[in-house]
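# An overview of the molecular structure
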Amino acid sequence: MKRVFSGVQPTGGLTLGNYLGAIKHFVRLQEEYDCFYCVVDLHALTVPKDPKELRTLIVDTAAYMMAAGLDPEKVTLFVQSDVPAHSELSWIMECTATFGELSRMTQFKEKSEGRESVSGGLFTYPALMAADILLYDTDVVPVGEDQKQHVELARDLAIRFNSRYGDTFKVPEPVIPKTGARIKSLADPSRKMSKSDTDPYGAIFLGDSEDEIVKKVRRAVTDSGREIIYDPDNKPALANLLTIYSHCADIPIEKLEEMYAGKGYADFKKGLAEAVIQCLKPIQKRHREMSESGYVKEALVEGARKAMEVSTPVLKRAKERLGLPNHMMG
Ligand code: AQP
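The model shown is predicted, which means the values in this text are computed figures rather than measured ones.

Attention now moves to the overall build of the protein chain. Of regular secondary structure, the protein chain possesses 12 helices and 5 strands. By the compact-globule yardstick of 20 Å for 330 residues, the protein chain fits well, its C-alpha radius of gyration being 21 Å. Relative to its 330 residues, the protein chain shows a buried fraction of 50%. Put simply, 74% of the contacts in the protein chain that link residues at least 6 apart link residues at least 24 apart. Here the protein chain displays about 16,000 Å² of accessible surface, and carbon together with sulfur accounts for 51% of that area. Here the protein chain contributes 44 positive and 48 negative side-chain charges, whose respective centroids are spaced 0 Å apart.

Here is the structure:
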């Protein structure tokens, strides 16, 4: 079985974008691949966080991933900071990457723009991400378009390390799901839907109540004209809403256009809100059951154990190649 690695940051409640763009796809992959899915809490430290809130978000992110269909019997689901090899290989990757390479990362440019103070971690974040991926001899990394540049850097670092020190790391491939890859903010379709969006009407969260969903969909921006048609260039807001509807209800966009021909935005938004509510209902129910049972923490302990089993020999191999002693690694 080929191996998959992907991570989700516990930087806020998971959004419909995280679900439709990534987690739904992760669930499909668990049937065909040996999957390692990680709650990347060290990545969340690049911007200061309230420790109490972070602690809750880490477990809650894992709980939603499981509630959305990831089965810990089939996948290795774990928390990054439970496996110290990530931090250790990250330093090695920082020493393999160049300052120029890290400076070219568009996400760093976007996330640091306008901030008074930027942590060193925000700059070296892609080196940690490379370590995450390379530690598991990963074949495939399913990510959104925005993360492709980071996976390409991980490939370059693996190739560079292998050519300097001998064959050590498997060179991974990024895979971007063809559909549903990018869900936009309901308040501004030029931005992606994000956990940390400060606009209270920009994102639908997996934990939103029915009332909140109805309210957010009702307030979602639309384009001029009354027709319900998919035209991302001229009607980007509506195209985003159609994409969400289509993915939540599993109805092709052309069929939705037919269903709403001659009807206005009010009817369309009513249908859309209902589709989102029905899509999230079973996830919310499983999330409640799981959170009450204590099963999530048990699964994370077992996940970390399996992750360590696979990552320790890879880290050991890298340290040996570098001439580091490995005295404590057996
Ligand atoms: N709007 C989106 N549409 C489709 N996919 C998305 N992803 C994120 N937002 C969308 C994908 O979800 C996975 C997990 O994301 P992440 O937590 O690692 O980081 P992110 O991409 O930075 O997600 P957010 O929600 O935008 O978080 P913040 O606000 O903290 O930056 C990834 O595979 C991502 O592509």
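Picking up where we left off.
Next up on the list: helix α7 (residues 148–165). For an α-helix, 3.6 residues make a turn, and residues three or four places apart therefore share a direction. With 18 residues, α7 ought to run about 26 Å at 1.5 Å a step, and its terminal C-alpha atoms sit 26 Å apart, in line with that. Directly beyond the C-terminal end of α7, a positive phi value near 100° is found at glycine 166.

A few words on the packing of helix α2 (residues 51–67) against helix α11 (residues 265–293). At their nearest, the axes of α2 and α11 sit 8 Å apart, and the two run at 125° to each other. Judged by the angle between their axes, α2 and α11 are oblique. Once α2 is placed against α11, the crossing between them reads as right-handed. Contact with α2, carried on its side by Asp60, Ala63, Tyr64, Met66 and Ala67, involves Ile283, Arg286, His287, Met290 and Ser291 of α11 and no other residues of that element. The residue makeup of the contact of α2 with α11, split by class, is 6 nonpolar, 2 polar and 2 charged.

Turning to the domain arrangement of the protein chain, a few remarks are in order. Per the domain assignment, the segments of the protein chain are domain 1 (3–181 + 294–322) and domain 2 (210–288). The distance between the C-alpha centroids of domain 1 and domain 2 comes to 31 Å. Of the residues lining the interface, 12 residues belong to domain 1; the matching set on domain 2 comes to 9 residues. Between domain 1 and domain 2 we count 0 salt bridges in total. Across the domain 1-domain 2 interface, the total number found is 3 residue pairs in polar contact (both at pLDDT 80 or more).

Around the ligand, the surrounding shell holds 19 residues, and the nearest of these are Thr11, Lys192, Ser194, Lys195 and Ser196. Residue lysine 195 places a side-chain N or O atom 2.3 Å away from an oxygen atom belonging to the ligand. Within the contact set of the ligand, an oxygen atom lies 2.3 Å away from a side-chain nitrogen or oxygen of serine 196. When the ligand sits alone it has 640 Å² of accessible area, and the protein chains cover 96% of it. The cavity where the ligand resides is the largest pocket. Of all the secondary structure elements, the ones that give two or more residues to the shell around the ligand are β1 (3–8) and α1 (16–29). Residue contributions to the shell around the ligand peak at 4 residues, all from α1.

Further remarks concern the layout of surface pockets. As a volume, the largest pocket reaches approximately 1,400 Å³. For the lining of the largest pocket, the elements supplying multiple residues, two or more each, are β1, α1, α5 (106–112), α6 (120–134) and β4 (140–142). Here the residues of the lining of the largest pocket are counted per class, giving 17 nonpolar, 16 polar and 11 charged.

Under the definition given, this model contains 1 cavity of 30 Å³ or more. In this structure, the largest cavity is lined by Gln107, Phe108, Lys111, Leu122, Tyr125, Pro126 and His150. Looking at the lining of the largest cavity, the elements with two or more residues in it are α5 and α6. Residues of the lining of the largest cavity, tallied by class, amount to 4 nonpolar, 2 polar and 1 charged.

Our focus in this paragraph is the pattern of salt bridges. Evaluation of the coordinates by the stated rule reveals 15 salt bridges. The partner of glutamate 31 in a salt bridge is lysine 74, with the nearest N and O atoms 3.1 Å apart. Highlighted residues: glutamate 31 in the loop between α1 and β2 (34–39) and lysine 74 in the loop between α2 and β3 (76–79), separated in sequence by 43 residues. Look at glutamate 31 and you get partly exposed, because its relative accessible area is 47%. We note a salt bridge from glutamate 289 to lysine 285, for which the minimum N-O separation is 3.2 Å.

About the criteria used
Residues numbered from 1 in each chain as written. Predicted model: local features only at pLDDT ≥ 70, side-chain atom pairs only at ≥ 80, totals over all residues. Heavy atoms only, no water. Helix = DSSP H or I, 4+ residues; strand = E, 2+ residues; numbered from the N terminus. Rg over C-alpha atoms; globule rule 2.2 N^0.38 Å. Buried < 20%, exposed > 50% of the residue type's maximum accessible area, 1.4 Å probe, protein only. Contact = heavy atoms within 4.5 Å. Areas by Shrake-Rupley, 256 points an atom, 1.4 Å probe, with all protein chains shown as cover. Lys, Arg positive; Asp, Glu negative; His and termini not counted. Charge placed at Lys NZ, Arg CZ, Asp CG, Glu CD. Expected span 1.5 Å × (residues − 1). Axes fitted to C-alpha atoms, helices over the stretch in contact; angles between N-to-C directions. Parallel < 35°, antiparallel > 145°, perpendicular 65-115°, else oblique. Left-handed = near helix turned anticlockwise from the far one by under 90°. Nonpolar A, V, L, I, M, F, W, Y, C, P; charged D, E, K, R; others polar. Domains from an automatic or database assignment. Salt bridge = Lys/Arg side-chain N within 4 Å of Asp/Glu carboxyl O. Polar contact = N/O pair within 3.5 Å; in protein donor to acceptor, adjacent residues only side chain to side chain. Near = heavy atom within 4 Å. 1 Å grid on protein atoms, 1.4 Å probe; cavity = no way out; pocket = protein on both sides within 12 Å on 5 of 7 lines; lining within 4 Å. Sits in = over half its atoms within 2 Å of the grid points. Points joined across faces, edges and corners; volume = space filled by probe spheres on them.

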